[in-house]
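# Remarks on the overall topology
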Amino acid sequence: MIGRGLARIGLYLLMSLIPLSAVQAEPILIAHRGASGERPEHTLAAYERAIDQGADFIEPDLVLTKDGVLVARHENEIGGTTDVADHPEFADRKTSKTIDGVAMTGWFTEDFTLAELRTLRARERLPDVRPANRRFDDLYPIATFEEILKLVRAKEAEAGRRIGLYPETKHPSYFASLGLPHQAALLDLLGRYGYQSEADPVFIQSFEVGNLKALRAASRLRLIQLVDAEGGPTDLPGTTYADMLTVQGLTDIATYADGLGPSAALIIAPEGPTALVGRAHDAGLQVHVWTLRMENIFLPAQYQRADDPQGRGDFASWVRAIAATGVDGVFSDFPGQAKAALESVR
Ligand code: G3P
Ligand code: CA
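- An unreviewed UniProt entry lists the protein chain under the name glycerophosphodiester phosphodiesterase, from Sphingobium cupriresistens LL01.
- The UniProt entry for the protein chain carries the following comment under Catalytic activity (unreviewed entry): "a sn-glycero-3-phosphodiester + H2O = an alcohol + sn-glycerol 3-phosphate + H(+)".

### Quick word on the packing of aromatic side chains
- Going through the model one piece at a time under the given rule, you end up with ten aromatic pairs.
- Both rings, one in phenylalanine 315 and one in phenylalanine 334, keep their centres 6.3 Å apart while their planes meet at 65 degrees; by these two values the pair is edge-to-face. With phenylalanine 315 in helix 12 (residues 315–324) and phenylalanine 334 in the loop between strand 15 (329–332) and helix 13 (335–343), the pair connects residues that are 19 residues apart, well separated along the chain. Comparing phenylalanine 315 with phenylalanine 334 shows no difference in burial state: the two are buried.
- Site record: aromatic cluster; members linked through ring pairs are Phe57, Tyr166, Phe203 and Phe331.
- A cation sits over an aromatic face here: arginine 93 above phenylalanine 112, 5.1 Å from the ring centre.
- Here arginine 222 stacks its cationic end above the ring of phenylalanine 203, 4.1 Å away from the centre of that ring.

### Some points on the pairing of strand 10 (residues 222–227)
- Of all six residues in strand 10, six are buried, a share of seventy percent or more.
- As paired strands, strand 9 (residues 203–206) and strand 10 are joined by four bridges and run parallel to one another. Among the inter-strand pairings, serine 206 is bridged to a residue of strand 10, identified as glutamine 225.
- Following the backbone out of strand 9, through helix 8 (residues 210–218) and into the adjacent parallel strand 10, one traces a crossover that is right-handed.
- Sheet analysis places strand 10 next to strand 11 (residues 259–262), joined by four bridges and oriented parallel. Note on strand 11: the bridge partner recorded for leucine 226 is glycine 261.

### Re the nonpolar core
- Phe145 and Ile322 are the most contacted members of the largest nonpolar core, which totals 82 residues.
- Those residues in contact with phenylalanine 145, other than ones at most four positions away along the chain, are Pro60, Leu62, Leu70, Val71, Leu165, Pro167, Leu186, Leu189 and Leu190.
- Core analysis: the next-biggest nonpolar cluster, separate from the first, contains nine residues, Ile30, Ile224, Leu226 and Trp290 among them.

### Quick notes on the site of ligand 1
- Lining the immediate environment of ligand 1, one finds His32, Arg33, Glu59, Asp61, His74, Glu168, Lys170, Gln205, Phe207, Leu226, Trp290 and Phe331.
- In this structure, an oxygen atom belonging to ligand 1 sits 2.7 Å away from a side-chain N or O atom of histidine 32.
- Between ligand 1 and histidine 74 there is a distance of 2.6 Å, counted from an oxygen atom to a side-chain nitrogen or oxygen.
- Expressed as a share of its isolated accessible area of 280 Å², the protein-covered part of ligand 1 is 91%.

### Description of the packing of helix 12 against helix 13
- The contact between helix 12 and helix 13 brings their axes to 9 Å, and the two run at 60 degrees. In terms of axis orientation, helix 12 runs oblique to helix 13. In this structure, the crossing between helix 12 and helix 13 has a hand that is right-handed. Contacts between helix 12 and helix 13 pair Phe315, Ala316, Val319, Arg320 and Ala323 from the former with Gln337, Ala338, Ala341 and Leu342 from the latter.
- Along the lines of polarity and charge, the residues of the contact of helix 12 with helix 13 split into seven nonpolar, one polar and one charged.

### Focus on the environment of threonine 109
- Locating threonine 109 in the fold gives a position in the loop between strand 6 (102–106) and helix 4 (114–117).
- For threonine 109, a relative accessible area of 0% translates into the label buried.
- A sequence separation of 128 residues divides threonine 109 from proline 237, and the C-alpha atoms of the two residues are 25 Å apart.
- Discounting residues that sit within four places of it in the chain, threonine 109 has contacts with Val63, Leu64, Thr65, Lys66, Arg73, Asn76, Ile78, Leu117 and Phe175.
- Among the polar contacts made by the side chain of threonine 109, one reaches the main-chain carbonyl oxygen of leucine 64 at a distance of 2.9 Å.

### A look at the pattern of salt bridges
- Taken as a whole and assessed by the stated rule, the structure comprises 25 salt bridges.
- Ionic pairing is found between arginine 192 and glutamate 146, a salt bridge with its closest N-O pair at 3.8 Å. One end of the pair, arginine 192, is in helix 7 (residues 182–192); the other, glutamate 146, is in helix 5 (residues 145–159), with 46 residues separating them in the sequence.
- Judged by its relative accessible area of 51%, arginine 192 is exposed.
- Taking the shortest distance from any N to any O, the salt bridge between glutamate 343 and lysine 339 comes out at 3.3 Å. With glutamate 343 and lysine 339 both in helix 13 and four residues apart, the pair spans about one turn of that helix.
- For glutamate 343, a relative accessible area of 32% puts it in the partly exposed group.
- Here lysine 339 falls in the partly exposed class, since its relative accessible area comes to 25%.
- By sharing partners, the salt bridges in this structure join Arg33, Glu41, Asp61, Glu75 and Arg125 into a single network.

Conventions and cut-offs
- Residues numbered from 1 in each chain as written.
- Chains lettered and ligands numbered in written order.
- Predicted model: local features only at pLDDT ≥ 70, side-chain atom pairs only at ≥ 80, totals over all residues.
- Heavy atoms only, no water.
- UniProt positions renumbered as here; feature names shortened; annotations may be inferred.
- Phe/Tyr/Trp six-rings, centres within 6.5 Å; stacked < 30°, edge-to-face > 60°.
- Helix = DSSP H or I, 4+ residues; strand = E, 2+ residues; numbered from the N terminus.
- Buried < 20%, exposed > 50% of the residue type's maximum accessible area, 1.4 Å probe, protein only.
- Lys NZ or Arg CZ within 6 Å of the ring centre and 35° of its normal.
- Pairing = 2+ DSSP bridges.
- Right-handed = clockwise from strand over helix to strand, strands pointing away.
- Core = buried A, V, L, I, M, F, W, Y, C linked by side-chain atoms within 4.5 Å.
- Contact = heavy atoms within 4.5 Å.
- Near = heavy atom within 4 Å.
- Polar contact = N/O pair within 3.5 Å; in protein donor to acceptor, adjacent residues only side chain to side chain.
- Areas by Shrake-Rupley, 256 points an atom, 1.4 Å probe, with all protein chains shown as cover.
- Axes fitted to C-alpha atoms, helices over the stretch in contact; angles between N-to-C directions.
- Parallel < 35°, antiparallel > 145°, perpendicular 65-115°, else oblique.
- Left-handed = near helix turned anticlockwise from the far one by under 90°.
- Nonpolar A, V, L, I, M, F, W, Y, C, P; charged D, E, K, R; others polar.
- Salt bridge = Lys/Arg side-chain N within 4 Å of Asp/Glu carboxyl O.

Below is the structure:
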């Protein structure tokens with residue numbers, strides 16, 4: 001018994017000397033809405049900063065304009081992330097809608113042409129949490145997806161490396177119901193810029209299921225099924241994300257998607273790492289986890305420092321804990337700091 005115990009201790013000591021990169025590949029780093037912790041999200045400035053900080057992929061959330069142009073916004077309601085409320089010429093566009101079961105009042109991208117949207121300027125989404133970023137308010141226009149593709153092409157030439165794109169279709173069933181489907185516009189634009197196969201540096205993601213299945217039928221680009229700790233896909237009422245995370249559910253996802261995009265709470269619960277990464281890998285799915293942020297308010301209790309919710313916690317340890325679960329990718333608002341944390345375990 002003693003001999004076997006010593007052997008096990010020796011094995012643990014040996015494993016502790018092996019760098020993480022020797023036993024698993026470093027997760028890909030996805031800049032969530034660009035370097036959105038440091039610049040207004042989804043602006044070219046946020047994406048360029050993320051690329052300069054070494055992000056492997058940049059993440060544009062995509063909605064459509066009235067004239068069918070894909071633009072980068074986290075949601076189609078733009079009152080919270082632009083200066084639209086300060087434009088008297090658009091006062092009569094303010095309206096109330098119910099989108100995916102949620103009632104809201106504001107200004108919506110589908111009620112603006114691209115030319116109209118381009119007169120607006122982006123603002124920091126979280127001015128109370130990230131007050132320093134307010135200095136960038138009203139500087140940058142709303143970016144089109146094509147502008148983002150052009151930025152990536154230019155930055156690839158400058159940096160001498162590939163830079164991946166990780167677009168998310170936002171409210172795809174809702175936009176399709178308006179006669180503004182994402183799919184054709186997205187695949188057409190990606191195709192025109194040379195992205196068409198599973199070898200190309202693109203992942204398309206969605207919280208819905210139907211649009212991913214339709215994309216799989218139309219494209220060989222890699223697809224990611226997003227899931228959350230609560231709720232379910234809005235296009236499959238009665239199905240929960242918990243249903244989709246059973247062994248059978250993961251097997252089903254693997255028939256149309258290449259990976260799973262879970263929230264961090266699904267990977268590390270308060271009591272410790274869950275079994276999801278292993279189960280997803282067994283089903284043949286990659287795992288890309290969202291979203292790692294530096295501020296205490298977004299960190300699990302053990303990584304928070306001091307009482308200030310806006311203050312920054314022990315982000316590096318949080319990133320390393322997530323990486324140690326074996327995930328294949330991480331989304332972060334702070335790609336520079338996330339990259340440093342990932343590299344520190346090499
Ligand atoms: O797409 C991954 C993550 O961004 C999902 O959440 O709401 O930030 O788009 P959200
Ligand atoms: Ca997203």
